Amino acid sequence: DLALFPTSAILVIRTTVPDMVYRPYSIQQARLKSILPLRQTHSESEPEILLHMFSNAGAHQACQLARAYQAHTQTSLKVGAMVFDSTPGVATYSRITDAMIVGLPSIPILRQLLSCLIYGLVGLIWLQNFVLGGVNLVEKARRDLNNTTLVDSKRGKLYFYSIGDKMVGWEDVESHAIEAERKGEHVESERWVETGHVGHMSNDGERY
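Scoring rules and cut-offs
- Residues numbered from 1 in each chain as written.
- Predicted model: local features only at pLDDT ≥ 70, side-chain atom pairs only at ≥ 80, totals over all residues.
- Heavy atoms only, no water.
- Core = buried A, V, L, I, M, F, W, Y, C linked by side-chain atoms within 4.5 Å.
- Buried < 20%, exposed > 50% of the residue type's maximum accessible area, 1.4 Å probe, protein only.
- Helix = DSSP H or I, 4+ residues; strand = E, 2+ residues; numbered from the N terminus.
- Contact = heavy atoms within 4.5 Å.
- 1 Å grid on protein atoms, 1.4 Å probe; cavity = no way out; pocket = protein on both sides within 12 Å on 5 of 7 lines; lining within 4 Å.
- Points joined across faces, edges and corners; volume = space filled by probe spheres on them.
- Nonpolar A, V, L, I, M, F, W, Y, C, P; charged D, E, K, R; others polar.
- Axes fitted to C-alpha atoms, helices over the stretch in contact; angles between N-to-C directions.
- Parallel < 35°, antiparallel > 145°, perpendicular 65-115°, else oblique.
- Left-handed = near helix turned anticlockwise from the far one by under 90°.

Participant: Please provide a residue-by-residue account of the nonpolar core, values included.
Facilitator: The biggest cluster of nonpolar side chains holds 26 residues, and the ones touching the most others in it are Leu51, Met53, Leu77, Met82, Leu145, Val151 and Tyr159. Only strand E1 (50–54), helix H3 (55–73), strand E2 (77–79), strand E3 (81–85), strand E5 (157–162) and helix H7 (170–182) provide two or more residues apiece to this core. For this core, the element with the most residues is H3, which contributes seven residues. Beyond its immediate stretch of four places on either side in the chain, Leu51 contacts Ala62, Val79, Ala81, Met82, Val83 and Val151. In terms of nonpolar packing, the next biggest core, distinct from the first, is built from 11 residues, Met20, Ile96, Leu104 and Leu137 among them.

Right, dumping it as structure tokens:
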């Protein structure tokens, strides 16, 4: 909130469709080296990091940042607090593809072509994980974000989610919050009823 912290620096890390579908994690983490090392100290006078994630794509990118930081420093990424907006979900084929298609261009022909590409690529990844017994990136994010040896939140976690979200189930977000609480972390939640995916701030900015 710039009204409360007008001098705070804001770093925006975007996630693209290739990051979610086929780009190797090693390449994604290598791209983040330009913002490493993040300044991490135990001094109370030092500014804290607020790690704010939007959707499963944001959760995925946060994990890549944490893993890149850990590889660079051999320590966990220490943040002041973590905010989960419409994340983390549980991966199903339809929810993964729906989430990716949302951000596609509105031009009908281009959107249809890219949608077909997404369906095919996600299907191949899904088949590969099934055959090889791998864990998909959404499930990896769920695990990583409750792993304090990877990312450690000083003040805890805040979850924003909605019953009306068609892409990330509210039950999935709540189960992640419950798991974090059972591990001893401080957890707070704000549940909406009718807002759509990542639509809470635009629906009720004052509450958000």
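Participant: Quick rundown of unusual backbone geometry? Include the residues and the values.
Facilitator: Here the residue pair Thr87 and Pro88 is connected by a cis peptide bond, since its omega of -5 degrees sits within 30 degrees of zero. Positive phi outside glycine occurs at Val198, with the angle close to 55 degrees. With respect to the helices, strands and loops of the structure, Val198 is situated in the loop between strand E6 (187–192) and helix H8 (200–203).

Participant: Which residues make up the layout of surface pockets, and what are the values?
Facilitator: Roughly 530 Å³ of volume is contained in the second largest pocket. Around the second largest pocket, the lining is made up of 24 residues, and of these Ser55, Ala57, Ala99, Met100 and Gly103 lie nearest the centre. Of the residues forming the lining of the second largest pocket, the biggest block, five residues, is contributed by helix H4 (residues 93–102). Tallied by class, residues from the lining of the second largest pocket come to 15 nonpolar, eight polar and one charged.

Participant: Could you give an account of the packing of H3 against helix H6 (residues 137–144), naming the residues involved and the relevant values?
Facilitator: Packing of H3 against H6 leaves a shortest axis separation of 9 Å and a crossing angle of 60 degrees. Judged by the angle between their axes, H3 and H6 are oblique. In this structure, H3 meets H6 at a crossing whose hand is left-handed. Where H3 approaches H6, its residues Asn56, Ala59, His60, Cys63 and Arg67 are matched on the opposing element by Leu137, Val138, Ala141 and Asp144. In terms of residue class, the contact of H3 with H6 is made up of five nonpolar, two polar and two charged.

Participant: Describe empty space enclosed by the protein, naming the residues involved and giving the relevant values.
Facilitator: Scanning all chains against the criterion turns up one cavity of 30 Å³ or more. Computed from the structure, the largest cavity encloses a volume of approximately 30 Å³. Every residue lining the largest cavity is listed: Ser55, Asn56, Arg95, Ala99, Met167, Val168 and His197. Those elements that place two or more of their residues in the lining of the largest cavity are H3 and H4.

Geometric descriptors of this kind do not, in isolation, establish any biological role.
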